[in-house]
Amino acid sequence: MYYHDKRLQYPVRVDSPDPLFARMLQQAIGGVEGEIRVCMQYFFQAWGNRAPSPKYRDMLLNTATEEIGHIEMLATAVALNLDKAPASLQEEGAADSIVGAVMGGENPRHAIEGTLHKHILSTGLAAHPSDSDGVPFDMSHIYASGNIAADMYCNVAAESTGRVLATRLYHAANDQGMKDMLHFLIARDTMHQEQWLAVIEELGGKDALPIPNSFPQAKENQEHNYDFFVTSVDGTYPEGRWTQGPSLDGRAEFSVFRNEPMGEEPVLGPARPDSCAQAEQMAEKPVA
């Protein structure tokens with residue numbers, strides 16, 4: 001069960017409404033790096049969590065619920081940027097800004113008009129659960145594997161890409177109120193990255209590797225489980241921490257293996273009679 005407070009988690013203020021920036025904020029709501037994604041990811045990880053201690057489930061539920069507040073903040077920011085916004089803005093400077101780059105050379109006036117049309121027709125100048133191109137978020141980027149260590153690494157990646165997006169939006173913002181909101185969201189992304197990494201550390205750090213650590217490594221191929229496969233034609237490879245020295249789990253040494261075929265060319269049998277293939281495909285011998 002959940003409770004709500006009608007007050008925002010953090011103040012949202014827009015002094016100079018900007019419909020182009022509203023469109024960019026949509027990415028932070030419904031983009032693959034956005035708040036809907038992490039909110040749903042943490043909820044489903046929590047709801048499916050199986051562990052002797054309930055603290056990981058509780059922690060995930062707390063953070064997922066916090067993310068609802070972030071969605072509300074961003075949705076409010078979108079609405080405020082659209083409210084009383086001029087139908088067109090000066091093009092000077094826009095083409096030279098990050099906005100111009102993000103729009104890929106699109107005429108800023110056309111982008112503004114398209115943004116207003118979408119928000120007027122679909123939502124009445126409010127946010128929608130979509131990315132900056134209007135593509136609805138479809139939940140296909142929700143990772144909840146049931147393995148807590150795997151989920152934590154997914155969460156670190158989600159918060160990292162989310163923080164990258166938030167910092168880009170911060171640099172793109174011209175409104176001080178938007179910068180203030182974003183500097184709060186960026187701070188929360190910092191904490192959440194640290195939070196998920198702390199869980200991994202609490203699970204034993206390197207002892208959590210390889211995931212799942214419940215599968216006995218004696219059952220995996222022992223010849224290539226720590227090889228870096230070289231697939232270049234000339235055999236050259238990028239040397240690094242992954243090509244030599246102890247593995248991160250401390251159980252072996254990294255080594256290099258020049259990739260080569262270890263199996264035979266696959267030869268499938270003839271097509272089944274009920275597959276509706278051509279008659280030649282059903283022949284036991286190749287057709288001359």
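Residues numbered from 1 in each chain as written. Predicted model: local features only at pLDDT ≥ 70, side-chain atom pairs only at ≥ 80, totals over all residues. Heavy atoms only, no water.

J.: Before we go on, may I ask you to explain the packing of aromatic side chains in this structure?
T.: Where two aromatic rings form a pair, the distance of their centres and the angle of their planes describe that pair. Applying the stated rule across the entire model yields six aromatic pairs. Measuring from centroid to centroid gives 4.8 Å for Tyr42 and Trp196, while their planes differ by 55°, and the two rings are tilted. A residue pair is termed long-range when its members are at least 10 positions apart, and Tyr42 in helix H2 (residues 35–47) and Trp196 in helix H7 (residues 176–202) qualify at 154 residues. Classification of Tyr42 by relative accessible area gives buried; the value is 0%. Classification of Trp196 as buried rests on a relative accessible area of 0%. Judged by centre distance (4.9 Å) and plane angle (10°), the ring pair of Phe43 and Trp47 falls under stacked. Here the residue Phe43 and the residue Trp47 both occupy positions in helix H2, the gap between them amounting to four residues, near one helical turn. Using a relative accessible area of 3% as the deciding quantity, one classes Phe43 as buried. Relative accessible area serves as the criterion here: at 41%, Trp47 is assigned to the partly exposed category. One Lys or Arg, Lys179, reaches over the ring of Tyr170 and ends 4.1 Å from the middle of that ring. (Phe/Tyr/Trp six-rings, centres within 6.5 Å; stacked < 30°, edge-to-face > 60°. Helix = DSSP H or I, 4+ residues; strand = E, 2+ residues; numbered from the N terminus. Buried < 20%, exposed > 50% of the residue type's maximum accessible area, 1.4 Å probe, protein only. Lys NZ or Arg CZ within 6 Å of the ring centre and 35° of its normal.)

J.: What should I look at first to understand the packing of H2 against helix H6 (residues 148–172) in this one?
T.: Packed helices, taken two at a time, are described by their axes: the angle between them and the distance between them. Running from amino to carboxyl end, H2 crosses H6 at an angle of 165°, the nearest separation of the two axes being 11 Å. Taken together, the axes of H2 and H6 are roughly antiparallel relative to one another. Every pair of crossing elements has a handedness; the one defined by H2 and H6 is left-handed. Seen from H2, the contacting residues are Arg37, Val38, Gln41, Tyr42 and Gln45; seen from H6, they are Asp151, Met152, Cys154, Asn155, Ala158 and Glu159. Taken together, the residues of the contact of H2 with H6 sort by class into five nonpolar, three polar and three charged. (Axes fitted to C-alpha atoms, helices over the stretch in contact; angles between N-to-C directions. Parallel < 35°, antiparallel > 145°, perpendicular 65-115°, else oblique. Left-handed = near helix turned anticlockwise from the far one by under 90°. Contact = heavy atoms within 4.5 Å. Nonpolar A, V, L, I, M, F, W, Y, C, P; charged D, E, K, R; others polar.)

J.: Which parts of the structure should I look at to understand the nonpolar core?
T.: Proteins that are soluble and globular tend to have nonpolar side chains buried together. By size, the foremost hydrophobic cluster in this structure holds 44 residues, and its most contacted members are Phe21, Leu25, Leu169, Met178 and Met181. Here Met178 is in contact with Val12, Arg13, Val14, Phe21, Leu25, Ala77, Asn81 and Ala173, once residues within four sequence places are set aside. (Core = buried A, V, L, I, M, F, W, Y, C linked by side-chain atoms within 4.5 Å.)

J.: I would appreciate a short explanation of the environment of Asp131 in the present structure.
T.: With respect to the helices and strands, the residue Asp131 is situated in the loop between helix H5 (108–123) and H6. Placed 103 residues apart in sequence, Asp131 and Ala28 show a C-alpha to C-alpha distance of 7.4 Å. With residues up to four places along the chain from it excluded, the contact list for Asp131 reads Gln26, Gln27, Gly30 and Gly31. A distance of 2.9 Å separates the side chain of Asp131 from the backbone nitrogen of Asp133, its partner in a polar contact. (Polar contact = N/O pair within 3.5 Å; in protein donor to acceptor, adjacent residues only side chain to side chain.)

J.: Would you take a moment to explain the pattern of salt bridges for this structure?
T.: Across all of its chains, the model carries seven salt bridges by this definition. In this structure, Arg23 and Asp133 form a salt bridge, with 3.6 Å as the shortest nitrogen-oxygen distance. One end of the pair, Arg23, is in helix H1 (residues 19–30); the other, Asp133, is in the loop between H5 and H6, with 110 residues separating them in the sequence. When its relative accessible area of 59% is taken as the criterion, Asp133 is described as exposed. A salt bridge links Asp274 to Arg272; the shortest N-O distance between them is 2.5 Å. What makes Asp274 exposed here is its relative accessible area of 52%. Overall, the relative accessible area of 54% leaves Arg272 in the exposed class. (Salt bridge = Lys/Arg side-chain N within 4 Å of Asp/Glu carboxyl O.)

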